[in-house]
Amino acid sequence: MRDAKKVLLAASLLAAASYASASGTLIYCSEGSPAGFDPGQYTAGTDFDASAETVFNRLVQFQRGATKVVPGLATKWDVSSDGLSYTFHLRSGVKFHSNDSFKPTRDFNADDVVFTFDRMLNKDNAFRKAYPTDFPYFSDMGMPDNIVKVEKVDPMTVRFQLKTVDASFLADLAMSFASIQSAEYADKLLKDGHPEWINSQPIGTGPFVFKRYQKDAQIRFVANKQYWDKAEGPKVDNLIFAITTDPSVRFQKLKAGECQVAAYPRPADVALMKADPKLHVLTQSGFNVGYLGYNVLHKPLNNLQVRQALDMSINKPAILTAVYQGQGQPAVNPMPPTQWSYNKSVKDAKFDPTKAKALLTKAGFPNGFDITLWAMPVQRPYNPNAKLMAEMIQSDWAKIGVRAKIVTYEWGEYLKRAKGGEHDAILVGWTGDNGDPDNWLNVLLGCEAVNGNNYTKWCYKPFNDLVIKGKSTANVAERTKLYTQAQVIAKQQLPLTTIAHSTVNEPTAKNVVGFKVSPFGLNSFYGVSVK
Amino acid sequence: MTTQVQMSAEDKALAYPSPLKEFWQGFSYNKGAVMGLVFLAVVVVAALFAPWVAPYNPIDQYRDFMLTPPSWADGGTAKFLLGTDEIGRDMLSRLIYGARLSLLIGLSAVLSSLIPGIILGLLAAFYPKVLGPLIMRVMDVMMALPSLLLAIAIVAILGPSMLNTIIAISVVSLPGYVRLVRASAMTELNRDYVTAARVAGAGTLRLMFVTVLPNCMAPLIVHATMSFSSAILDAAALGFLGMGVQPPSAEWGAMLSSARDYIERAWWVVSWPGLTILLSVLAINLIGDGLRDALDPKLKRAA
Amino acid sequence: MFSFILRRLWLLVPSILGITLLTFGLIRMIPGDPVEVMVGERTLDPALHAAALHRLGLDKPLYLQYLDYAGSLLHGNLGQSLVTRVNVWDEFTTLFPATLELAISAMLFAVVVGLLAGVVAAIKRGSLFDHGVMGLSLTGFSMPIFWLGLLLIMLFSVRLGWTPVSGRIDLAFDIPVRTGLMTVDAWLAEHNDPANFAGAFKDALAHLILPSIALGTIPMAVIARMTRSSMLEVLREDYVRTARAKGLSPARVIFIHTLRNALIPVLTVVGLQVGTLMGGAVLTETIFSWPGIGKWLIDAIQRRDYPVVQNGILMVALLVILVNFIVDILYGIANPRIRHAK
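Residues numbered from 1 in each chain as written. Chains lettered and ligands numbered in written order. Predicted model: local features only at pLDDT ≥ 70, side-chain atom pairs only at ≥ 80, totals over all residues. Heavy atoms only, no water.

Caption draft 1: View of the interface of chain B and chain C. Each side of the interface is counted separately: chain B has 37 residues, and chain C has 40 residues. Carbon and sulfur atoms supply 80% of the area buried between chain B and chain C, which totals about 3,700 Å² over both sides. Here Asp289(B) makes a salt bridge to Arg225(C), at a shortest N to O gap of 2.8 Å. Our enumeration of links across chain B and chain C arrives at three residue pairs in polar contact (both at pLDDT 80 or more). For the side of chain B that touches chain C, the secondary structure elements donating two or more residues are helix H6 (131–144), helix H7 (147–158), helix H11 (217–240) and helix H13 (267–295) of chain B. With 12 residues, the top contributor of residues to the side of chain B that touches chain C is H13(B). Across the side of chain B that touches chain C, the residue classes tally to 26 nonpolar, three polar and eight charged. (Contact = heavy atoms within 4.5 Å. Buried area = accessible area lost by both parts, 1.4 Å probe. Salt bridge = Lys/Arg side-chain N within 4 Å of Asp/Glu carboxyl O. Polar contact = N/O pair within 3.5 Å; in protein donor to acceptor, adjacent residues only side chain to side chain. Helix = DSSP H or I, 4+ residues; strand = E, 2+ residues; numbered from the N terminus. Nonpolar A, V, L, I, M, F, W, Y, C, P; charged D, E, K, R; others polar.)

Caption draft 2: A look at the packing of aromatic side chains. All names here are of chain A. Taken as a whole and assessed by the stated rule, the structure comprises 47 aromatic pairs over all chains. Taken together, a centroid distance of 6.1 Å and an interplanar angle of 75 degrees make the contact between Phe 210 and Phe 221 edge-to-face. On the criterion of sequence distance, the pair formed by Phe 210 in strand E8 (residues 208–214) and Phe 221 in strand E9 (residues 218–223) is long-range, its members being 11 residues apart. Side by side, Phe 210 and Phe 221 carry an identical accessibility label, which is buried. Among the aromatic residues, those joined into a ring-pair cluster are Phe 48, Trp 77, Tyr 86, Phe 88, Phe 117, Tyr 137, Phe 138, Phe 160, Phe 169 and Phe 177. One residue, Lys 255, lies across the ring of Phe 251, its end atom 4.7 Å from the ring centre. (Phe/Tyr/Trp six-rings, centres within 6.5 Å; stacked < 30°, edge-to-face > 60°. Buried < 20%, exposed > 50% of the residue type's maximum accessible area, 1.4 Å probe, protein only. Lys NZ or Arg CZ within 6 Å of the ring centre and 35° of its normal.)

Caption draft 3: Structural detail: the domain arrangement of chain C. Residues and elements named next belong to chain C. By domain assignment, chain C separates into domain 1 (1–75) and domain 2 (94–334). Centre-to-centre separation of domain 1 and domain 2, based on C-alpha positions: 32 Å. Counting from both sides, the interface comprises 23 residues of domain 1 and, opposite them, 16 residues of domain 2. Interface of domain 1 and domain 2: buried area, both sides summed, is about 1,800 Å²; carbon and sulfur atoms make up 77% of it. Linking domain 1 to domain 2 there are zero salt bridges. Of all the secondary structure elements, the ones that give two or more residues to the side of domain 1 that touches domain 2 are helix H1 (2–29), helix H2 (34–39) and helix H4 (62–74). Per-element tally for the side of domain 1 that touches domain 2: the top contributor is H1, with 13 residues. Here the residues of the side of domain 1 that touches domain 2 are counted per class, giving 16 nonpolar, four polar and three charged. (Domains from an automatic or database assignment.)

Quick look at the structure:
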């Protein structure tokens, strides 16, 4: 009886304590409900913000607000001289979270790393069999084909064996899908018959402990008091995601003080936000590109002169003003200027409808032609309003006699048909994954990708050779040279018209300290405090 | 027009005013209805003669005048009376051309649910054994799904476009017509004049369309008017959810939907389309009320 | 009475069967591929794609898929969401209370304001008040509610700051979920722990006001018009005249004799408005970020989440049927002529 009283007292004290520091609560107006909390299964930023960036860590991580790879759960690593073997030395004393059903009995070790990757590599992994899932991001990065094995050398050392040299391998491991799961938790879930809880009750080593999720309403986290990184750890006691799908409502809530950070503001609102004395807008040039791809397999887009004519008749500055509301910079290359190996000497063709008309006549189309122009049905980080952009391009092209019909499909259908090559010209784009040039040039324009992300279907040997060579070269100076040259070829051949790199804006309340905008479009709240 | 059949059976010694005149007297008694009619007439004229009435082409982009306020507001110019939208298109011209689309969608949706509605309703009334209950069950199923959800699902299947908006709205409003036609036809079927026509050897088709149908017209006309206005509202809702008419066409709901992005900065892009929808729908509903009063005083009861 | 209810229940069976067929068919006709949506701009390995479709059971012939579906329905199993992999029933039960709360509050607003306005307009027939009510209700009836919602937020939340912008409660309150109805949960929390949850109930109510007005405007307009005309009808009846002649007080005549009978058609309208309300919830929830089933269904349609769409729509349809069924029964109780009709 007395014990019970004591427990009660302690509990009420605890409750009082956690409430007393409620000033340490950060509310983030997020843009949507995550599909789940198992980062390996998903590809979208909304999912990663709610799991990988809060609950989990990776072996190596991107420095907050940068593309630089820094130690995470691995303190250091060695690469063999042939570049095929990576040995990671793990951090000791890292604790996993606990919740109502799971209390970890041991610290993080090599078993957890092996489990995490075995589950993604091995179709016969016991856990994967009990809870079948796909790992689309992992396979899109070419990991299943390239990783020969992941082995435990000793309890605190793990070795990855690769098939071919991959210059971006380390950066890939820093991506959200490579978040380290707990092998002990997985075993327990398997034993209890609830393997699906890995997706709804996540356990990780990250800065915040998952507490509760209500679909379309909120996600609640509390600080991980035992977090290993004191400098970049949690600085608020409670982190709450207030799920608010409408951007103007997010803005209103921010103004009303109902949240302290808001995701994805509408470009049109940014000027107002900047003028608001209660708000602070963090700005970073975006790590993305929005472009117009020409399907070079379709006539007359196979003709270079036609592509040049279409390219030079588009009024980019007007698009930047109307669609991006000034929140973007004109894109010249298919990768942003902040990406290393960006070629500054490449220049856009001058906006010149008269010359474009002449080029069309020369190419045999004095009266223009009909063409389909595909516009995405959704807002993407690289393109806030594809329909509006399409309307503007349509009107620009009409002036040189090209009659464009705007086509749109439901998002999944759009991508599927575009991969199948049904379009003539298509508005689409890309957000960088890992800060490697290969992730732009090869992924968007390489021959390997013509049935996938290469919506231009452009497979051009001189370009492809450079890009392939770049991927298997380790020396950065050498790679820079190759990629710089590849960008020149892309501009000459014009398989696409690059439109813009959108600026990422993140409005916060004035009392939020230490928030950094991620180039990858992620939102991380460790190291962030509220005054 | 609708009372002729009954009249012939009654005492002709009473001097009735002409049906049209009688109708107009009833209708014009309702001041709101007349106001609605005048407003709608203005909208219809503007829509029909849009190329002459509208100051600009609705898809011409004046990129030096993006988001210009209405002419009387600060920063407005006399060139654009109601201001311009996000890429410098004239609001007034877009609203006028938008009237074409909205009226066309409303009218086509009404016609394409009215005609099958009449046929199915009459069939259900004339064959009460098997076909009737079957039709009514199917209609019940359609009625159980909230109309907007059903319309969204249909548009998702067919893809967003003006034609598919019309199809979705007419499918959704079909059950209302079928029920109404069936109910009024069932009442008429028990009347003496129908029995008389039957005895006189009229075929089923003749009974359906010549004998019974004209006497069901009064409630049908009222219902059609009301569903005309709700078709405009539904089309706007679909456009608002991005599932209606596609750009660059100026449809009121779609205009409102894209204007939402500028609600903080440019009140006019949000206000005009919304106000236009409200006023047009209100006008049509007022006319519907007037029609109800004029055609059949008993109908006042139906909501 | 019992046989009347049984008869009505029996009529529901073919309707429900029809609804399962309709929702199943509708969803399969929607082009698109849930796996593609999940992957986005990234490439999808064809083998992986096929494996994913197989895992989700989407590679079987259609009739088998329907039989699977019907079979699992009979077992009370609504399947899993393709996106979140959570049971559809669980998602429905967490989101439905939000819609229910909004619908009840909107209906309450509609009935209270609509009835009052209708009754007073009928009594003061032809007065300025009457014309005002009728004009306003027709305006409400013609209102695009998505626009109304935006205007309400702009005016009351942004300009005047009287009401919160969106959501169900200030998230500083970590309200334990008991009933799922935020007002009730907040009241309970405040009642049990006044120190930590002071003002929670009031806050929950404040969040409910604008969405309820937006959603309730159309039903309110309909009810006001209906009440007025059915009151006028009843006021003309002989028994009312008799009651008046007997010298009963006007209040008594109106509230005891007239209103009760005038309510019968109003009841039907309330039943019919449930469907409209569910449709309106789609728009209202989108505008006010209200975590209910309307928004859930729209998202699911956009993501081609088959089990959620077909079972979600099924649930909504069943709900509409259920409410109309109850209205039918109430109607039967109020009106013996209907009860005994074959």
